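Structural overview
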Amino acid sequence: MEVVRRMSWVFLILALTVLPAAAVDRSKFRTCEQGSFCRRYKKWISRPEREKALWTVLPQTRAPLPEGGFSFQVKHVNEETPHLLLKLNIYASGMVRMRITEIKPLHIRHEIPPGDVVSDPPPAAAKVSEADESGKSIFKFATADGTAAEAILHHSPLALEVSVGGQILQRLNARNMLNFERYRTPKERLPPDTASVAAPDTVLLDAAAHPNGLDTNGLWEEPFGGHTDQKPRGPASLGMDVSFLGDVPSLFGLPEHATKASLPFYQEPYRFFNLDVFEYEIDEPMALYGAIPIIWAIHRLGGGQTVSSGFLWINPSETFVKLERDTPDGKGGPAHAWWTSESGVLDTVVMVGPTPKTVSAQFHDLTGHGPMPGLWALGKHQCRWNYMSEKDVATVDSMYDKYDIPYDTIWLDIEHTDGKAYFSWNAAAFPNPKQMIDNISAKRRKFVNVVDPHIKKDEKFHVYREVRDKGFFVKKVSYKQIDDPTDVKPADWVEETKIPDPTATQPPEWNTEEDGPWVAPQIDNPAYKGAWHPRKVNDPTPDLTDFEGWCWPGTSLYPDFTDPAMREYWGSQFALDKYTGTNADTYIWNDMNEPSVFNGPEVTMPRDAIHPNGMVEHRDVHNMYGYYVHRATFEGLQKRTPGDRPFVLTRSFFIGSHKYSAIWTGDNYAQWSHLKASIAMVGALTLGGQSLVGADVGGFFKHPDTEMTVRWYQLAVLIYPFLRNHAHLETPRREPYVFDEKTMLRIKASLQMRYKMLPLWYTLFHRWASAAEPVVRPLFWDFLDDPQTHENEEALESQIMLGDSLLVHGIAKPSSEQSEATVYLPKASGWYSIHNGAFKAPGAHVHKLDLDSIPAYYRAGTVVPLKSRIRRSSACMSLDPFTLNVYLNPQTGAAKGRLYIDDYRTRTYQDVGLLCARKIDFTCSARLGTRTHHAKASFEETLKSSH
């Protein structure tokens, strides 16, 4: 859900009070300095003589891996035997993957199961020629498109260097910032099998054991925000640096953050820790709802060559990323990033590119391709917290029809349930939900209900009872202190409290016969060390009870979605005979799945909670919790309606979520700054593989004025693949028809533009699903050789491409502050205005603004598939004829494009014989004059000419 609320008990009744609108409460969320592992890492990388080798690869231990690639043992200079294992995989599409974990760890370190993020089986291995030279192992290979590449594993200090065409693009551990904290026995400074001649407190081992002002706070327990995180396994963080070489003008990616497209080099590291953030701010490295730890780099190399590469950090625990430059002004030259995660294993992937298209293809080769969405999912979605009754739903639906405004889907938020018990209905407000949804279906529209992962604690609620009885809830640990059975009293331990006074002598008058034997008086023993007791440790078999937190229902419990059996159960609840009141046109919205725990640390689940599937600490899997929720929902919908294309919307996500869900950017604000930020946020998500994305049109919090509303729609219909407007409970209604007539007509014109362009959107999604091309992308993706797309502020932050054909420039200021916009049109054969067909040459152009449109241009030489008949929903348009707009290249008189057609709703598109994908070639035989117009051709004629 979209807003965190205070929880209070009044007369034993749980009352939910909406917080007043305000900026994000920073005190609730940790910074790097407030988190012990990040603070330790910063200290570690500033240690004296950091360049000295600590970890060394032992080339004589190289062994082949079953899936291809090699493993090496890694030895620390201050340990007698190697304790780390390095795995190196080189994939044929053009990736180098390096993983580091412990050999025989004290506790099993969490690794993401195969198939959850990285495809199973993994990508095909490259054919590699290998050689060892002094101090390094060299692996040469060619990518699938024939690009020559090389990976050099340096032995001491451990480092990995990746080059393309003889040019080094990335160096891992280039600055010797590697850290790997191995598990310890309770309260010990060093791991149990560390051998060193030095005293423990002088050993330079890792960020948790070194002599340079070691910060021991938070190693075994850590307080924050009124909660104490117990760490019975001790420190287990890891970190490393990567350098992007050449002249690197910009870095991109790191979703999800509300920041610029060209990533700022903040003083505070970017944080990945999925959270329910109330009213997030713009231009901040603070964590938000999802985590895709990927960086895209642009490298300007010698000879005018420009290439791109990618770097992926696969770790679902809390992670910080710090971007740095060599130059004081922070511009030009190489760029660097250091990464540190709280636990797990080190798993990194270098995508060698060298083009943006190949980087995207490599990412999807690693993580899998996304499915085609139903055509309806690309139409207009109407949502609000909340439509309050069946009558309310019917009114909204009928008003769209009254004003002839197209839309595809109506949504219900949490108030439709029986006391926030999901899979249920509020019987008073929704007495006949099946009939309500059937009425929507009859108009060839769809329905979406919210189903959050927190489960209401109520014996009458069958989902609660069944999940509890199956033992699927996440557990709370009640630690008990016991004597450490491994602790032995030292041989020199002195427990005698008194000893004879060694300075006393027998008095001369002492008569042994009369007085008895003389005994020296007792004095306090100066060697006394106190009564010895074994140290206390946490009981290794503590009491486990179901973890309870507060969320919308009040007391709530949280299923362990990491367990495949729990996911199977969850998915089964969407069956039509179980989720009563729904039909096959009902789809699902998973919100609050970070997970959100109103009374938890940082409004989420405690890190020391236990997932019973494998007895894994929540800290190890936190950033994947939401991923497992929406995956379970997606798989349940697949089984509910065989052959149908599921639709799931999620707020929380991780690498690979593109295979299961759409994403929106969460609780944005009705502010111009949030409108502009959405351009960069959507672009970053698409670079992370997530193409079905969007922001709430008009903002979730507050209420936009009419001009902002119009500008937001004008932008959203052209660049948001997922197009939904949604609003807070306390805001005025903002359906298009509630505005004044001029505003309503402008919104309607924008939505009609969207529906006219659905063939283009759908064709682009086929390119995403089949060829890994982002549907929307920053300009550099298509125009890498144009330096302005890497450095021009307007090109970077105000503009974005829809496919390779349409450039869109957002307007993010009111007309009182901005009457014109400078639009940069990249190097191409020319550009045509989407509104009047006017031709523009590449370069910067001043565009006079009016309220009826925003600057948008089709690229010359493209054929754009459209539909001219706009009906009430996309399904009603499915059999209408196509219109092909041809935007000629003025130099050649030719244009090319694509059109993809299938049944728009089932998975039969996966059968190649049951779809129609056509390349369209158009050539104008007439001589072109100095004034160039775009041409039109009918679908049938163009297909004939293309055969």
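Read on for an overview of the structure. None of these values were measured; they are calculated from a predicted model. (Residues numbered from 1 in each chain as written. Predicted model: local features only at pLDDT ≥ 70, side-chain atom pairs only at ≥ 80, totals over all residues. Heavy atoms only, no water.)

1. A word on the sheet that holds strand β44 (residues 806–809)
- Read from one edge to the other, the open sheet built from 6 strands follows the order β42-β43-β44-β49-β46-β47, with strand pairing classed as antiparallel. Of all strands in the sheet, those with a lone pairing partner are β42 (776–777) and β47 (839–840), marking the two edges.
- Direction of pairing for β42 relative to strand β43 (residues 799–802): antiparallel, over a ladder of 2 bridges. Directly across from Arg777, in β43, lies its bridge partner Met801.
- Where helix α11 (residues 706–719) meets the sheet, it contacts β42, β43, β44 and β49 (856–859), and its direction lies at approximately 155 degrees from that of β44. (Pairing = 2+ DSSP bridges. Helix = DSSP H or I, 4+ residues; strand = E, 2+ residues; numbered from the N terminus. Contact = heavy atoms within 4.5 Å. Axes fitted to C-alpha atoms, helices over the stretch in contact; angles between N-to-C directions.)

2. Re unusual backbone geometry
- The amide bond that connects Pro255 to the next residue, Glu256, takes the cis arrangement and shows omega of 15 degrees.
- As for its placement among the helices and strands, Glu256 is situated in the loop between β16 (251–253) and β17 (270–272).
- The amide bond that connects Trp385 to the next residue, Asn386, takes the cis arrangement and shows omega of 15 degrees.
- With respect to the helices and strands, Asn386 occurs in the loop between β23 (380–382) and α3 (390–402).
- Positive phi, close to 60 degrees, is recorded for Asn176, a residue that is not glycine.
- Relative to the elements of secondary structure, Asn176 occurs in the loop between β11 (167–172) and β12 (179–180).
- Non-glycine residue Phe423 carries a positive phi angle of around 75 degrees.
- Along the chain, the position of Phe423 falls in the loop between β24 (409–412) and α4 (433–442).
- By relative accessible area, Phe423 is classed as buried at 5%. (Buried < 20%, exposed > 50% of the residue type's maximum accessible area, 1.4 Å probe, protein only.)

3. A look at the side chain of Arg767
- Secondary-structure assignment places Arg767 in helix α13 (residues 758–771).
- Here the side chain of Arg767 touches Glu773 through a polar contact of 2.7 Å, side chain to side chain.
- For Arg767, the residues in contact, after removing those within four places along its chain, are Lys357, Ala772, Glu773 and Arg898. (Polar contact = N/O pair within 3.5 Å; in protein donor to acceptor, adjacent residues only side chain to side chain.)

4. Looking at the pattern of salt bridges
- Under the counting rule described, the total for this entry stands at 66 salt bridges.
- For the salt bridge of Arg651 with Glu594, the shortest nitrogen-to-oxygen distance reads 2.7 Å. Of this pair, Arg651 sits in the loop between β38 (648–650) and β39 (662–664) while Glu594 sits in the loop between β35 (586–590) and β36 (610–611); the two residues are 57 residues apart in sequence, bridging distant segments of the chain. You'll find Arg651 and Glu594 in the same group, each marked buried.
- The partner of Arg619 in a salt bridge is Glu617, and the shortest N-O contact between them spans 3.0 Å.
- Among the charged side chains, a salt-bridge network with shared partners connects Arg30, Glu222, Asp229, Lys231, Arg271, Glu318, Glu342, Glu602, Arg607, Glu617 and Arg619. (Salt bridge = Lys/Arg side-chain N within 4 Å of Asp/Glu carboxyl O.)

5. As for the state of the cysteines
- Counted under the stated rule, the structure contains 1 disulfide.
- Disulfide pairing places Cys32 opposite Cys38 at an S-S distance of 1.9 Å. Since a negative S-S torsion denotes a left-handed disulfide, the Cys32-Cys38 link at about -90 degrees is left-handed.
- Here Cys551 stays unpaired: no disulfide links it, and the sulfur of Cys383, its closest cysteine neighbor, is 17 Å away. (Disulfide = S-S within 2.5 Å.)

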